[in-house]
Amino acid sequence: MFVNNSTLSKQMVLFKGCRDGSSVSQIVLTTIIIIMSIISNGAICCLLVRFRSLRTVPNILVANLAFIDVINAITNMPLFIMWYLCQVRFLTGPAVSWIIVTWYVLFMYLTVTSLVVLMLDRYGAIVHGLKYHTWKTKNKAAFAVIVIWLIAMSYTLGMFSLGVSIDVGNMPVWIYRIYYFKNFGRSFLIPGQLIPFAFMVILGFLIWRKVRVSTRAIAPQSNVGKRVRSDVQTAKTLAITILAYFLMGCFPVLLHSIAKLHGSWIHFSAFFFTFLNSMANPVIYSLRTRRFRAALLLLLRDPCGDSQPTDKKSRSMNSSTVATNTKMTTFVSDVENRVF
């Protein structure tokens, strides 16, 4: 296969460098996302390493997503600056291009698969209730993490096995990416992006319907009611995360289809929103989850200690329980003194 001259004539140049004002601005924006993604997602991973009480099934899945975003920020984003913004001359040829583009797409599908599994976890917790809570374990969560990686790797490698034979010479990565997208990329968008999103929307509707019925039937102050409220809060947080993924994951695909000129701001925005999604997930969880906020503050105060995070509600409930027990003990002592 040889390069089509009409295709290349529509592009500016093969190696444009990164010294113009637009490229510098785009590099600065991407660098900010890299730094913030590593810090925010790294904090989520550190929280689960530091605090045993946070190692629940949904949090293990969240930590896996954060770990994926950290690796994405460390590898794909700097590579993006080199092969897309600066278009360095040593990142050329079929082998290098295949590895870079495959690695980039792999983390897209790792994010999709992780969100689907997270939604399945919330569906089981809310719709099936106690039956699911007694069934799920940390070992099963770890197994789910392995399955996430295997599914994403199998789908990505199967997809890019169609691109092994594409050879247009010593061309830059972005030229090969154009050929990959035109030859087989579009065919994998619907099963890889839109179908999982539709599946998550259906699960979200089933969760919403179950919550609507449960809130009417269960007493708010009961133990079951408290667990349901906790699951609902987690589901709401996950729904925001999925909405953010749609805006920053599926929407960029549309931008790729609209943008005709490589290197334009519209074309860059498609990549930028995808990278922004890596930074958004931990921010959403830290802002909406009380235990994560408390754990983060405790981590900053006591990074190497043994203390565990507790929120104000838990402390007030414990205080009231202690006070009640103290009163009961005093009452029993008075009775004993009177009897004996």
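Residues numbered from 1 in each chain as written. Predicted model: local features only at pLDDT ≥ 70, side-chain atom pairs only at ≥ 80, totals over all residues. Heavy atoms only, no water.

Naming follows an unreviewed UniProt entry, where the chain appears as G-protein coupled receptors family 1 profile domain-containing protein of Exaiptasia diaphana. Looking at the chain in UniProt, the text filed under Subcellular location (unreviewed entry) is "Cell membrane". (UniProt positions renumbered as here; feature names shortened; annotations may be inferred.)

For helix 4 (residues 94-127), spanning 34 residues, the distance from its first C-alpha to its last is 48 Å, which sits close to the expected 50 Å at 1.5 Å a residue. The element helix 4 is extensively covered by neighbouring structure, given that 25 of its 34 residues are classed as buried. (Helix = DSSP H or I, 4+ residues; strand = E, 2+ residues; numbered from the N terminus. Expected span 1.5 Å × (residues − 1). Buried < 20%, exposed > 50% of the residue type's maximum accessible area, 1.4 Å probe, protein only.)

The next point concerns the packing of aromatic side chains. Using the criterion set out here, one finds 22 aromatic pairs in the structure. When the ring of W83 is compared with that of F271, the centres are 5.9 Å apart and the planes differ by 80°; the resulting orientation is edge-to-face. Of this pair, W83 sits in helix 3 (residues 57-86) while F271 sits in helix 9 (residues 265-288), and the two are 188 residues apart along the sequence. Like W83, the residue F271 is buried in the burial classification. For the pair F160 and Y180, a centre-to-centre distance of 5.7 Å together with 85° between the ring planes defines the contact as edge-to-face. You can see F160 sitting in helix 6 (residues 138-160) and its partner Y180 sitting in helix 7 (residues 173-217), a full 20 residues away along the chain. Of the two residues, F160 and Y180, neither departs from the other in class, the shared state being buried. (Phe/Tyr/Trp six-rings, centres within 6.5 Å; stacked < 30°, edge-to-face > 60°.)

Glancing now at the UniProt feature "transmembrane region" (unreviewed entry) in the chain. As annotated by UniProt and renumbered to match this structure, "transmembrane region" (unreviewed entry) occupies residues 27-49, 61-85, 97-120, 141-168, 188-208, 237-259 and 265-287. This span, residues 97-120, is 100% helix and 0% strand, and a straight line between its end C-alpha atoms measures 35 Å.

Closest axis-to-axis distance for the helix 3/helix 4 pair is 10 Å, and the angle between their directions is 160°. Here helix 4 runs roughly antiparallel to helix 3, going by the angle between their axes. As for how helix 3 packs across helix 4, the hand of that crossing is left-handed. Grouping the amino acids of the contact of helix 3 with helix 4 by side-chain chemistry returns 16 nonpolar, six polar and three charged. (Axes fitted to C-alpha atoms, helices over the stretch in contact; angles between N-to-C directions. Parallel < 35°, antiparallel > 145°, perpendicular 65-115°, else oblique. Left-handed = near helix turned anticlockwise from the far one by under 90°. Nonpolar A, V, L, I, M, F, W, Y, C, P; charged D, E, K, R; others polar.)

Right, let's talk about the pattern of salt bridges for a bit. Overall, the coordinates contain two salt bridges when judged by the stated rule. Among the salt bridges present, the one from D302 reaches R50, with a minimum N-O distance of 3.6 Å. With a gap of 252 residues between them, D302 in the loop between helix 10 (290-301) and helix 11 (312-339) and R50 in helix 2 (residues 21-50) connect regions that are remote in the sequence. Take D302: its relative accessible area is 28%, and that puts it in the partly exposed class. The residue D121 makes a salt bridge to R122 at a minimum N-O spacing of 2.8 Å. As far as burial versus exposure is concerned, D121 and R122 are alike and both buried. (Salt bridge = Lys/Arg side-chain N within 4 Å of Asp/Glu carboxyl O.)

The subject of this paragraph is the nonpolar core. Soluble globular proteins tend to pack their nonpolar side chains together in the buried interior. F80 and W83 are the most contacted members of the largest nonpolar core, which has 72 residues in total. Where this core is concerned, the elements lending two or more residues are helix 2, helix 3, helix 4, helix 6, helix 7, helix 9 and helix 10. Looking at this core element by element, the count peaks at 15 residues for helix 4. Setting aside anything within four residues of it in sequence, one finds F80 in contact with T30, L85, F268, F271 and F275. (Core = buried A, V, L, I, M, F, W, Y, C linked by side-chain atoms within 4.5 Å. Contact = heavy atoms within 4.5 Å.)

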